[in-house]
4 protein chains.
Amino acid sequence: MTEKQEKILQAALELFARDGFSSTSTSKVAAHAGVSEGLIFRHFKNKEGLLEAIIKEGEVKARTLFADIVLESDPKEVIRKTIDMVLNISSNRADLEFWKLQYKIKWETEKYGEHKMEPLHLALTSAFTKLGYVSPELEASLLLIINDGLATRIALQKGFKCETLTSFLKEKYQV
Amino acid sequence: MTEKQEKILQAALELFARDGFSSTSTSKVAAHAGVSEGLIFRHFKNKEGLLEAIIKEGEVKARTLFADIVLESDPKEVIRKTIDMVLNISSNRADLEFWKLQYKIKWETEKYGEHKMEPLHLALTSAFTKLGYVSPELEASLLLIINDGLATRIALQKGFKCETLTSFLKEKYQV
Amino acid sequence: MTEKQEKILQAALELFARDGFSSTSTSKVAAHAGVSEGLIFRHFKNKEGLLEAIIKEGEVKARTLFADIVLESDPKEVIRKTIDMVLNISSNRADLEFWKLQYKIKWETEKYGEHKMEPLHLALTSAFTKLGYVSPELEASLLLIINDGLATRIALQKGFKCETLTSFLKEKYQV
Amino acid sequence: MTEKQEKILQAALELFARDGFSSTSTSKVAAHAGVSEGLIFRHFKNKEGLLEAIIKEGEVKARTLFADIVLESDPKEVIRKTIDMVLNISSNRADLEFWKLQYKIKWETEKYGEHKMEPLHLALTSAFTKLGYVSPELEASLLLIINDGLATRIALQKGFKCETLTSFLKEKYQV
DNA sequence: GATGAATGAGGCTTCATTCAT
DNA sequence: GATGAATGAAGCCTCATTCAT
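Residues numbered from 1 in each chain as written. Chains lettered and ligands numbered in written order. Predicted model: local features only at pLDDT ≥ 70, side-chain atom pairs only at ≥ 80, totals over all residues. Heavy atoms only, no water.

**Describing the environment of A:Leu96**
Residue and element names in this part refer to chain A.
Step number 1: Mapped onto the secondary structure, Leu96 falls in helix H6 (residues 93–109).
Step number 2: Classification of Leu96 as partly exposed rests on a relative accessible area of 27%.
Step number 3: Distance from Leu96 to Ala17, taken between C-alpha atoms, is 9.4 Å for residues 79 residues apart in sequence.
Step number 4: Sequence-distant contacts of Leu96, that is, excluding residues within four places in its chain, are made with Ile89, Ser90 and Ile154. (Helix = DSSP H or I, 4+ residues; strand = E, 2+ residues; numbered from the N terminus. Buried < 20%, exposed > 50% of the residue type's maximum accessible area, 1.4 Å probe, protein only. Contact = heavy atoms within 4.5 Å.)

**Considerations on the arrangement of the chains**
Step number 1: No part of chain A reaches chain D; the closest C-alpha pair between them is 12 Å apart.
Step number 2: Contact between chain B and chain D is absent, and the minimum C-alpha spacing across the pair is 32 Å.

**Description of the protein's contact with DNA strand F**
Step number 1: As a structural note, the neighbourhood of DNA strand F is formed by 33 residues, with A:Arg42, B:Thr26, C:Thr26, D:Arg42 and D:His43 the closest of them.
Step number 2: Counting only the atoms of DNA strand F within 4 Å of the protein, the fraction contributed by sugar and phosphate is 65%.
Step number 3: Between DNA strand F and the protein, one listed contact pairs a phosphate oxygen with a side-chain N or O atom of A:Arg42 at 2.3 Å.
Step number 4: Within the side chain of B:Lys47, an N or O atom sits 2.8 Å from a phosphate oxygen of DNA strand F.
Step number 5: Breaking the surface near DNA strand F down by element, the ones donating at least two residues are helix H3 (37–44) of chain A, helix H2 (26–33) and helix H3 (37–44) of chain B, helix H2 (26–33) and helix H3 (37–44) of chain C together with helix H3 (37–44) of chain D.
Step number 6: Residues belonging to the surface near DNA strand F are distributed by class as follows: six nonpolar, 19 polar and eight charged. (Near = heavy atom within 4 Å. Polar contact = N/O pair within 3.5 Å; in protein donor to acceptor, adjacent residues only side chain to side chain. Nonpolar A, V, L, I, M, F, W, Y, C, P; charged D, E, K, R; others polar.)

**As for the side chain of C:Asn147**
All names here are of chain C.
Step number 1: Note that Asn147 resides in helix H8 (residues 136–156).
Step number 2: Judged by relative accessible area, Asn147 falls into the buried class, the value being 8%.
Step number 3: Within the local environment of Asn147, its side chain forms a polar contact with the backbone oxygen of Thr82, the two atoms lying 3.4 Å apart.
Step number 4: If near-sequence neighbours (up to four positions away) are discounted, Asn147 is found in contact with Thr82, Met85, Val86 and Tyr103.

**What to know about the packing of helix H1 (residues 3–19) of chain D against helix H4 (residues 47–70) of chain D**
Residues and elements named next belong to chain D.
Step number 1: Where H1 meets H4, the closest approach of the two axes is 10 Å, and the angle between their N-to-C directions is 90°. Taken together, H1 and H4 sit at an angle that is classed as roughly perpendicular. Note on element contacts: H4 touches H1 through Leu50, Leu51, Ala53, Ile54 and Glu57, opposite Ile8, Leu9, Ala12, Leu13 and Phe16.
Step number 2: Its residues assigned to classes, the contact of H1 with H4 shows nine nonpolar, no polar and one charged. (Axes fitted to C-alpha atoms, helices over the stretch in contact; angles between N-to-C directions. Parallel < 35°, antiparallel > 145°, perpendicular 65-115°, else oblique.)

**Description of the interface of chain A and chain B**
Often, the extent of an interface is quoted as the loss of accessible area upon association of its parts.
Step number 1: Between chain A and chain B, the residue contacts involve 38 residues of the former and 38 residues of the latter.
Step number 2: Taken together, both faces of the contact between chain A and chain B bury some 3,600 Å²; the carbon and sulfur share is 66%.
Step number 3: It is A:Trp107, A:Glu110 and A:Leu156 that lose the most area in chain A upon contact with chain B, and together they represent 25% of the buried surface on that side.
Step number 4: Connecting chain A to chain B are eight salt bridges.
Step number 5: With a closest N to O distance of 3.2 Å, A:Glu139 and B:Lys172 form a salt bridge. (Buried area = accessible area lost by both parts, 1.4 Å probe. Salt bridge = Lys/Arg side-chain N within 4 Å of Asp/Glu carboxyl O.)

**Quick look at the protein's contact with DNA strand E**
Step number 1: In the vicinity of DNA strand E lie 33 residues, with A:Thr26, B:Arg42, B:His43, C:Arg42 and D:Thr26 positioned nearest.
Step number 2: Within the side chain of A:Ser25, one N or O atom sits 3.3 Å away from a phosphate oxygen of DNA strand E.
Step number 3: C:Arg42 places a polar side-chain atom, nitrogen or oxygen, 2.4 Å from a phosphate oxygen of DNA strand E.
Step number 4: When residues of the surface near DNA strand E are traced back to their parent elements, those giving at least two are helix H2 (26–33) and H3 of chain A, H3 of chain B, H3 of chain C together with helix H2 (26–33) and H3 of chain D.
Step number 5: Looking at the surface near DNA strand E residue by residue, the class counts come to six nonpolar, 19 polar and eight charged.

Written out as structure tokens, the structure reads:
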């Protein structure tokens, strides 16, 4: 991966996250990255290919992020980390950008990519089971859905502060 | 509103909901509506104007939908209806399309439009207060966030069935 | 067919005949026709579509040209007219351009389009039969091949004068 | 001439012959030859230079091909060999490709290159003179034009069999 | 009100070519 | 000699929009 390739990816990530995939032209990406437009196609073949490269990089990022939760043995910690995950993301500029893009892509392409969430879902189900919840699987689903809702607000609602809500949630789950 | 105007709006709604705003060209809208492309501009001035018309129609729809909840006096009913709202939407093809568009627009324009939700938030806060919840406002926020999460899943996760989850929620809230 | 449509066709005919299909850009065609480039695509869909439109117009032209020969009953006249056909073409600027294009396209697309020649071939075969030639079908083929060869020279050999050769041929065939 | 240079020339010959000069990109040539694109420019300076190299190679090939005819003393043999030349070409895959390219280039660049044909024309004129033909020069021209016509058919008319016609010609000329 | 011709700007992509390594 | 990164120009085509009818 050359230096300019990285620049292109970074520029695309920023612009796709800000303006959406189809509203971002390759020429804008090139200008933002400070490279010629043709270079995008030499390295990524397509505008689509550029998107795929970003997504692929994202999956690596997501896996490492989830790994910490999935490998946790303390059930309370699993839940706490799941809740805090969204909080952490919202407080880091680069992470926020990255996750906003993930959701934007989902809405533009209408693919949820639930398989990526499966390990997290399993870990949560197991955690709720250990804690004696009556419907552990549904509890797990609900928590992930809450996360989706929080992500929506963080990305779209200007000035939304999620700390109060994540604190509230941690209290609720006693974690 | 002439017949052709309605046709244009309907076509635009369908295409914007399916492919997104910026991925839908005015020529596609015209073709789908069976009218000339120029007519779109005569009636709605802009592509943007077309979108605004759709959003405006949406606000009316949303208001009538929310009215039933907001005017409810029984607090348990307020919560139940809020939960069921998303269920009802998911089971009606036209409604689903309409709401999908609303969320798609939110993600494309990054405007959440929280003011539309305010009456609902108030009604829920009041309901949770009446039921003696410790943090009624946060409970209200959480429920609306859950709704956002559910909407995300309904729109994006192929084959997602929300009945189990809405039942689970109603049980949780004992409504 | 609007005025601008005709202009586009005419410009395309000229440029395709002069520079070849793939060496002629749609922007050049537009400039030569004095219209906006987009108009080409509104009327002909494609660069390919533009070519097809030209070819279609050509087939009509070719049919009327051949009709005069095919409907001739005097066998000697059939042969004479076939030979003179190429002479006539070479002496008319517009016709020359048109036929040059036909051959250029053949060489660019590698489709000979023999079906168009079939009626002529039949008429010639019949003529040579009536005149008592031993191998009338082969004679017909030969004459058409000579025509192809003459066309090649007329189009490509700067300063080639075909009158001497067509006179020579008419003498040979005693027509 | 290094090995890679030959590979490039061979690849270019094939692609130019198949798709034409301007429809063949240097990147396609490089890919087909299995070399880097830059190498083409190091060795041949230009895309044009590549074409010239091919043409130059062609002239050598053509000269050796013509030499056998030109040096022939028996007039009947001169004519027979001229007729058979096109037959031989059509039966050899590599030769066919090579000659197709020659004609394609002619039609793309509109340069007939009649000087290459001059020795052949002279040899034929002399042969027809020796055989007592009335218009030996015109006969020579005609035969070469027939060859052009045959070449056109061989290259463009799928399934064209030239044996019957060359036999017919040899009979006609009693060679 | 309604059409469809017309346009200029911009979209994605490929091209021939250069240059550092 | 050979590669592959890099580029600017150009290619085909679509876009939103205007205007005469």
